[in-house]
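Spelled out from the first residue to the last, the chains are:
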Amino acid sequence: MWNYEKRLQFPVKITQTNPKIAQVIISQYGGPDGELAASMRYLAQRYTMPYNTVAGLLTDIGTEELAHFEMICAIVYQLTRNLTPEEIEKSGFDKYYVDHTLALWPQAAGGIPFNACEFQSKGDVITDLTEDLAAEQKARTTYDNILRLVKDPEVCEPIRFLRAREIVHFQRFGEANREDCSKSEHTTKRQIWNNYYQVHSPVIVHLYIWGIAFQAVLIYNTVLETTLLFCHRVKRFCVRLSIVRS
Amino acid sequence: MQEWKPQMPYMEQFPAAMAYVPWQRNCNMYENLDEAYKTGTIFPELNKPFTGRRVQ
Amino acid sequence: MMNTGYKTCNVDTCAERRRLLQEIGKVDFVLKELNLYLDTHPYDQQAMDAFKHYNMAKNKMVKEYTEKYGPLVLSIVDTDCGEWKWATQDWPWEGGYH
């Protein structure tokens, strides 16, 4: 289940409307590599993901993508707020306006409506994670293209933030795809030991040194006692021998 | 957070014909978290900003 | 093409409110990053310690924000003030306090 937080993940406050650039940015809402497709992709894939940690990663990134399309929608909404009919006509926003007025509707920049074919849910760990890696790079490229087209710093800041998130997600999906992350029980146990050793290594070394010292003392004592006992017996033997002779 | 090294010796465990991304080596966070928030990541190693040309 | 969608408010409280909201956003962002990091490094105790630290800091700030300005989450909400501010106050996409 989900809870809503009444704030955006990153501030969006745009003071200059620009319906032309809004038509470009809306692609990251309902376009082929948009945030809506990303969120639905990860949240759909997680049910058949056999590894708990990777299913968790899909849930957490899918949740973050929900916050991202909220930001994209906020950008588009603020870029088209209170437009006059003249501005709408002049900017070429009229083709969107005629069907949706100034409401948000998921479509690509070219007007193609959002479609579930824009993401894959294949039910195979390697296939799904490789799909996710590609999806993050496609989204990053789309943000690169948006940054090439946008000049307004109020729009660039949140777009740059969203672009950086795609790179972090790529890194995490790549780590999830490794044999030694969650797919190998053996390595997981080794990781626990490694981590334990890193934290406790000074204590372990300390105990080891004291153990050796203690053993050395024990051995020394035993050798000394045995030697003394032997000398004592030899002495007694010699004494007895002298008594017998005399 | 310190460096995360234990995975490095396991290179031989990677089968061919699969895609891997190297482990994040430096897990230190930015000292200045305002800068991290603006950048879009708290890990300097994952900061790969856009350097392309903008329309004039 | 000037925009007139923003509501006016007292300059001082507005700046303070924006600052606190920015701080909450920053700390929550650190939590999100640590969350994803821990998903692929589930035995990193230092990252978990950091998560605990920032989680407590965030909860404290959300409480302060709720007391001073209004609710951010339904789990921490003032029900004794006679106004359901969750619904009566602006929604985040309006951009008012960001």
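Everything discussed here concerns the structure shown above.
Residues numbered from 1 in each chain as written. Chains lettered and ligands numbered in written order. Predicted model: local features only at pLDDT ≥ 70, side-chain atom pairs only at ≥ 80, totals over all residues. Heavy atoms only, no water.

Trainee: How should I be thinking about the overall build of chain C in this particular structure?
Mentor: Counting its regular elements, chain C contains 3 helices and 0 strands. A total of 98 residues make up chain C; the buried ones form 45% of that total. If you take every contact in chain C between residues at least 6 apart in sequence, the share linking residues at least 24 apart comes to 50%. (Helix = DSSP H or I, 4+ residues; strand = E, 2+ residues; numbered from the N terminus. Buried < 20%, exposed > 50% of the residue type's maximum accessible area, 1.4 Å probe, protein only. Contact = heavy atoms within 4.5 Å.)

Trainee: Would you explain the overall build of chain B in this entry?
Mentor: Helices and strands together make up the secondary structure of chain B, namely 1 helix and 0 strands. Sorting the 56 residues of chain B into buried and exposed places 39% on the buried side. Considering only residue pairs separated by 6 or more positions, chain B has 15% of its internal contacts joining residues 24 or more positions apart. Entry remark: accessible area of chain B is about 3,500 Å², with carbon and sulfur atoms responsible for 52%. (Areas by Shrake-Rupley, 256 points an atom, 1.4 Å probe, with all protein chains shown as cover.)

Trainee: Would you mind going over the nonpolar core with me for this structure?
Mentor: What tends to happen in soluble globular proteins is that the nonpolar side chains get buried as a cluster. Judged by nonpolar contacts, the single largest core of 61 residues is most densely connected at Ile25 and Ile159 of chain A together with Tyr54 of chain C. Those elements giving two or more residues to this core turn out to be α1 (19–25), α4 (52–79), α7 (125–149) and α8 (153–176) of chain A, α1 (33–39) of chain B together with α1 (11–40) and α2 (45–68) of chain C. If you tally residues by element for this core, the top one is α1 of chain C, at 10 residues. Formed by 16 residues, the second largest nonpolar core is a distinct cluster that contains Ala38, Ala55 and Ile61 of chain A together with Val21 of chain B. (Core = buried A, V, L, I, M, F, W, Y, C linked by side-chain atoms within 4.5 Å.)

Trainee: Can you walk me through the interface of chain B and chain C in this structure?
Mentor: One frequently used descriptor of interface size is the decrease in accessible area upon assembly of the parts. Taken together, the contacts link 15 residues of chain B with 16 residues of chain C. Summed over both partners, the interface of chain B with chain C comes to about 1,400 Å²; 72% of that surface belongs to carbon and sulfur atoms. Viewed at the interface, chain C and chain B are joined by 1 salt bridge. Between Lys26 of chain C and Asp34 of chain B there is a salt bridge, with the nearest N and O atoms lying 3.4 Å from each other. The interface formed by chain B and chain C includes 3 residue pairs in polar contact (both at pLDDT 80 or more). By residue class, the composition of the side of chain B that touches chain C is 10 nonpolar, 4 polar and 1 charged. (Buried area = accessible area lost by both parts, 1.4 Å probe. Salt bridge = Lys/Arg side-chain N within 4 Å of Asp/Glu carboxyl O. Polar contact = N/O pair within 3.5 Å; in protein donor to acceptor, adjacent residues only side chain to side chain. Nonpolar A, V, L, I, M, F, W, Y, C, P; charged D, E, K, R; others polar.)

Trainee: Whenever I open this one, the packing of aromatic side chains confuses me. Can you help?
Mentor: What characterises a pair of aromatic rings is the spacing of the ring centres plus the angle enclosed by the ring planes. Taken as a whole and judged by the stated rule, the model has 14 aromatic pairs over all chains. Look at Tyr4 of chain A and Trp86 of chain C: their rings are 6.4 Å apart centre to centre, the planes differ by 90°, and that puts the pair in the edge-to-face class. Taken as a pair, Tyr4 of chain A in the segment before α1 and Trp86 of chain C in helix α3 (residues 85–88) lie in two separate chains rather than in one. Seen in terms of ring centroids, Tyr4 of chain A and Trp91 of chain C are 6.2 Å apart; in terms of plane orientation they differ by 45°. Their pairing is tilted. With Tyr4 of chain A in the segment before α1 and Trp91 of chain C in the segment after α3, the pair connects residues from two separate chains. (Phe/Tyr/Trp six-rings, centres within 6.5 Å; stacked < 30°, edge-to-face > 60°.)

Trainee: Before we go on, may I ask you to explain the pattern of salt bridges in this structure?
Mentor: All names here are of chain A. In this structure the tally under the stated criterion is 18 salt bridges over all chains. Here Glu5 makes a salt bridge to Arg7, at a shortest N to O gap of 2.9 Å. Note on Glu5: relative accessible area 24%, which makes it partly exposed. On the accessibility criterion, Arg7 (7% relative accessible area) is buried.

Trainee: Explanation requested: α7 of chain A in the structure shown.
Mentor: An α-helix turns once per 3.6 residues; consequently, residues spaced three or four apart project the same way. For α7 of chain A, which comprises 25 residues, the first-to-last C-alpha distance of 37 Å matches the rise-based estimate of 36 Å (1.5 Å per residue) to within 8%. The N-cap residue of α7 of chain A is Asp124 of chain A: its side-chain oxygen and the backbone nitrogen of Ile126 of chain A are 3.0 Å apart. (Expected span 1.5 Å × (residues − 1).)

Trainee: Help me understand the side chain of Ser39 of chain A, please; the structure alone is not making it clear to me.
Mentor: Considering the arrangement of structural elements, one finds Ser39 of chain A in helix α3 (residues 35–45). Sequence-distant contacts of Ser39 of chain A, defined by excluding residues within four places in its chain, comprise Gly62, Glu65 and Leu66 of chain A.

Trainee: Looking at this structure, how should I read α8 of chain A?
Mentor: Here α8 of chain A is 24 residues long and its end C-alpha atoms lie 35 Å apart, about the 34 Å a rise of 1.5 Å per residue gives. Burial analysis of α8 of chain A places 19 of its 24 residues in the buried class, the great majority of the element.

Trainee: What is the right way to read the packing of α7 of chain A against α8 of chain A from this model?
Mentor: In helix packing, the relevant descriptors are the interaxial angle and the interaxial distance, both defined with respect to the helix axes. Residues and elements named next belong to chain A. At a minimum axis distance of 9 Å, the contact between α7 and α8 shows a crossing angle of 160°. On the basis of their axis angle, the class for α7 and α8 is roughly antiparallel. Relative to α8, α7 is oriented so that their crossing is left-handed. On α8, the residues that touch Leu129, Asp132, Leu133, Glu136, Gln137, Ala139, Arg140, Tyr143, Asp144, Ile146 and Leu147 of α7 are Cys156, Ile159, Arg160, Leu162, Arg163, Glu166, Ile167, His169, Phe170, Phe173, Gly174 and Ala176. Looking at the contact of α7 with α8, its residues break down into 13 nonpolar, 3 polar and 7 charged. (Axes fitted to C-alpha atoms, helices over the stretch in contact; angles between N-to-C directions. Parallel < 35°, antiparallel > 145°, perpendicular 65-115°, else oblique. Left-handed = near helix turned anticlockwise from the far one by under 90°.)

Trainee: How do you make sense of the interface of chain C and chain A when you look at a structure like this?
Mentor: With 41 residues of chain C at the contact, the number on the chain A side is 40 residues. With both sides pooled, the region where chain C packs onto chain A buries about 3,500 Å², and carbon together with sulfur makes up 54% of that total. Linking chain C with chain A are 4 salt bridges. As a salt-bridge pair, Arg165 of chain A and Glu33 of chain C come within 2.9 Å of each other at their nearest N and O atoms. A class-by-class count of the residues in the side of chain C that touches chain A yields 18 nonpolar, 13 polar and 10 charged.

Trainee: Sorry, what's going on with unusual backbone geometry here?
Mentor: Residue and element names in this part refer to chain A. Phi is positive for Asn82, which is not a glycine, with a value near 55°. Inspection of the secondary structure assignment puts Asn82 in the loop between α4 and α5 (85–91). The exposure class assigned to Asn82 is partly exposed, which follows from its relative accessible area of 47%. Its identity as a non-glycine residue notwithstanding, Thr101 has a phi of 55°, on the positive side. Position of Thr101 among the secondary structure elements: in the loop between α6 (94–100) and α7.

Honestly, that's just the spatial picture; any functional story needs more than this.
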